[in-house]
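Below are the chains, spelled out letter by letter.
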Protein chains: 2
Amino acid sequence: MSRSFKELLEQVRTCEKKTLSVACAQDQPVLEAVKEAHELGIIDATLVGDEDKIREIAASIHMDLSEYAIIDVKDTVEASLTAVKLVHDGKADMYMKGILPTKDFLKSVLNKEVGLRTGKPLSHVAVFEIPGIDRLLFMSDVAFIPYPTLDDKKAMINYCVETAEACGVKNPHVAPLAAVEVVNPKMPATVEADELRKANEAGELKNCVVDGPLSLDIALYPAAAKEKGAEGRPCAGRSDILIFPDIHAGNLVYKAIGHMVPGVQQGCMLTGTSAPVILTSRSDTKDVKVNSICLAAVLSEHKHKA
Amino acid sequence: MSRSFKELLEQVRTCEKKTLSVACAQDQPVLEAVKEAHELGIIDATLVGDEDKIREIAASIHMDLSEYAIIDVKDTVEASLTAVKLVHDGKADMYMKGILPTKDFLKSVLNKEVGLRTGKPLSHVAVFEIPGIDRLLFMSDVAFIPYPTLDDKKAMINYCVETAEACGVKNPHVAPLAAVEVVNPKMPATVEADELRKANEAGELKNCVVDGPLSLDIALYPAAAKEKGAEGRPCAGRSDILIFPDIHAGNLVYKAIGHMVPGVQQGCMLTGTSAPVILTSRSDTKDVKVNSICLAAVLSEHKHKA
């Protein structure tokens, strides 16, 4: 079980090496991350995009392109479709966004012929390693579904459980979060959290323990759970997975942790696809991108075994 | 201008000494905080409640009760009404919850004859000092109004502005937060954030600069604002006041910061009342309670001057 990104990297190294397909790879931050992940022995990569620009950037960052496959496609939409098709056809294991509009990247992911559709909702899993917490935390949805329905939240839980399992966490503890830990009909988020608990109890949500609503302190900190008399709740102080009421709550917490907590490590993936998809933002550091590639690699291994 | 709780304490010491009225003061954590605030020279206090128990606890924490007024009222509801009436009648400057149910404490605050009603909505201001951020941050509402209306949010901004002014922050920058920094009709929180900006532009929200919607990183970090091309926005990287879309977003961020950020300092107050009201939770540390008393004291001074 990987309790940190360092341990996750060790875990990835025990897996078969994965191949990453990059759409519009002519982007320095993305190439730097691909180079580092390759040097760490995690991946090989196929770089799809403007070959001249890829070669120019690679030279400037001392990246030896003889170790990578390159497919020269200048048009961004065509490049994305070429890159995603490699994954669709099983010639690559995971798909990463380079320098193209997110909208166009998502269109390629959802393309009916060459994309990675599953018929399930697309969502997003963010993974954090937070100093003082002795395990990885999996959060959804902080970036993709604005106001998830109950069904969306069930899908979000399944994606997080799959990702946690890929990281070696067995039967993870899931906390649908709210401001309070009791069901209040005037607060729909608490009612939905309770519905998710019931769906788990009824066997609809498998391979996990769901207990909501929980406040963030009770979900994560045994001492807080005890102070509030909630230490007997199944996920109190031991949650692995945090499900947010909506994107505002999720994104604001995500940004607060990412910016305010010293020493935090993070990575993320798009989920609901047939193969792992890496969609980091330009402002993410190289570490975030490399961590995300690690996550995608263990998830790919997990999907192959399943 | 106080940029930290330490500076706030210095500021309080330049004010006339305030009197705190405590409802059901027979509570060790509350008495410890009152003792420390008194020793720091911030307050005198009237302790209303079960005198025997107050004396017993005071003895155990070496608190010299000859320096305090005590009113012996054993019944909790009666004690709260006695304590709040002292503030209502101007015999004390601020009101603090001791050991009684929050519901009963709030009933005393809202009592028509002896309470502190203003006709405006009750809300909550949390104040944070976060390492790496060079000023105090004022947040609302993380604990009181579940789903604030647009009018509630206007009131929340006014309360935060008043609190910031009391701390010496002139014309504070206000960020109504959301997951994104652009208005999207499908995300009501962004539309409301824009309405608040317009209300400020139209002169309805005074003595502040409102700019929303903003994401948390753009609101607080100049580098993030620049990366996202938002550095020209009036509150980008310099927000003093953060307004949350709803209580779930607010409370989850509040808990994340409070539990995960080393070295954080915080305090809070109930707002919308005619005098400052301190309603900390049992799990708050003594520092949080003392910081909250400091905040109430500067706000009381500010209200007297206004």
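Reading the values: the criteria
- Residues numbered from 1 in each chain as written.
- Chains lettered and ligands numbered in written order.
- Predicted model: local features only at pLDDT ≥ 70, side-chain atom pairs only at ≥ 80, totals over all residues.
- Heavy atoms only, no water.
- Axes fitted to C-alpha atoms, helices over the stretch in contact; angles between N-to-C directions.
- Helix = DSSP H or I, 4+ residues; strand = E, 2+ residues; numbered from the N terminus.
- Parallel < 35°, antiparallel > 145°, perpendicular 65-115°, else oblique.
- Contact = heavy atoms within 4.5 Å.
- Nonpolar A, V, L, I, M, F, W, Y, C, P; charged D, E, K, R; others polar.
- Core = buried A, V, L, I, M, F, W, Y, C linked by side-chain atoms within 4.5 Å.
- Buried < 20%, exposed > 50% of the residue type's maximum accessible area, 1.4 Å probe, protein only.
- Phe/Tyr/Trp six-rings, centres within 6.5 Å; stacked < 30°, edge-to-face > 60°.
- Pairing = 2+ DSSP bridges.
- Right-handed = clockwise from strand over helix to strand, strands pointing away.
- Polar contact = N/O pair within 3.5 Å; in protein donor to acceptor, adjacent residues only side chain to side chain.
- Salt bridge = Lys/Arg side-chain N within 4 Å of Asp/Glu carboxyl O.

A few points about the packing of helix α6 (residues 150–166) of chain A against helix α11 (residues 286–305) of chain A
Residues and elements named next belong to chain A. Between α6 and α11, whose axes approach to 8 Å, the crossing angle comes to 95°. Taken together, the axes of α6 and α11 are roughly perpendicular relative to one another. From α6, Glu162, Thr163, Glu165 and Ala166 reach across to α11, where they touch Leu295, Val298, Leu299, His302 and Lys303. Classifying every residue of the contact of α6 with α11 by side-chain character gives 4 nonpolar, 2 polar and 3 charged.

A short note on the nonpolar core
In this structure, Leu242, Ile257 and Met260 of chain A together with Leu242, Ile257 and Met260 of chain B are the most contacted members of the largest nonpolar core, which totals 64 residues. When residues no more than four places from it in sequence are discounted, the contact partners of Leu242 of chain B are Leu137, Phe138, Met139, Ser140, Ala175, Leu177, Leu216, Ala219 and Leu220 of chain B.

Focus: the packing of aromatic side chains
Residue and element names in this part refer to chain A. A complete count under the given rule lists 4 aromatic pairs over all chains for this structure. Here Tyr95 and Phe105 contribute two aromatic rings whose centre-to-centre distance is 4.7 Å and whose plane-to-plane angle is 20°, an arrangement assigned as stacked. In this pair, Tyr95 sits in strand β4 (residues 94–97) while Phe105 sits in helix α5 (residues 102–110), placing the two residues 10 residues apart along the sequence. By relative accessible area, which is 0% here, Tyr95 ends up buried.

Things to note about the pairing of strand β3 (residues 69–72) of chain B
Residues and elements named next belong to chain B. The pairing of strand β2 (residues 43–49) with β3 spans 4 bridges and is classified as parallel. Looking at the pairing, Leu47 lines up with Ile70 of β3. As for the winding sense of the linkage, the β-α-β connection from β2 through helix α3 (residues 51–60) to β3 is right-handed.

A word on unusual backbone geometry
The omega angle of the peptide bond from Gly212 of chain A to Pro213 of chain A is 0°, so this bond is cis rather than trans. The residue after Ser140 of chain B, namely Asp141 of chain B, is reached through a cis peptide bond having omega -5°. Among the structural elements, Asp141 of chain B can be located in the loop between β6 (136–140) and α6 (150–166). Phi angles above zero are rare outside glycine, and Cys24 of chain A is one such case at about 55°. One can find Cys24 of chain A in the loop between β1 (18–23) and α2 (28–39). Residue classification places Cys24 of chain A among the buried residues on the basis of a relative accessible area of 1%. The backbone of Asn207 of chain A sits at a positive phi, close to 60°, despite the residue not being glycine. Within the secondary structure, Asn207 of chain A is located in the loop between α7 (188–201) and β8 (209–210).

Observations regarding the side chain of His173 of chain B
Residue and element names in this part refer to chain B. Along the polypeptide, His173 turns up in strand β7 (residues 173–176). The buried category is assigned to His173, whose relative accessible area is 11%. A polar side-chain atom of His173 sits 3.4 Å from a polar atom in the side chain of Arg238. Non-local contacts of His173, meaning those with residues more than four positions away in its chain, are made with Val209, Pro234, Cys235, Arg238, Ser239, Asp240 and Ile241.

Considerations on the interface of chain B and chain A
Contact residues are listed per partner, giving 37 residues for chain B and 37 residues for chain A. For the interface between chain B and chain A, the tally reads 2 salt bridges. Here Asp217 of chain A and Lys255 of chain B are joined by a salt bridge, their closest N and O atoms 3.6 Å apart. Scanning the region where chain B abuts chain A turns up 2 residue pairs in polar contact (both at pLDDT 80 or more). Going through the elements one at a time, α7 (188–201), α8 (216–220), α9 (222–227) and α10 (247–260) of chain B are the ones with two or more residues in the side of chain B that touches chain A. Considering every element that reaches the side of chain B that touches chain A, the biggest residue donor is α10 of chain B, with 11 residues. Of the residues that constitute the side of chain B that touches chain A, the class distribution is 25 nonpolar, 6 polar and 6 charged.

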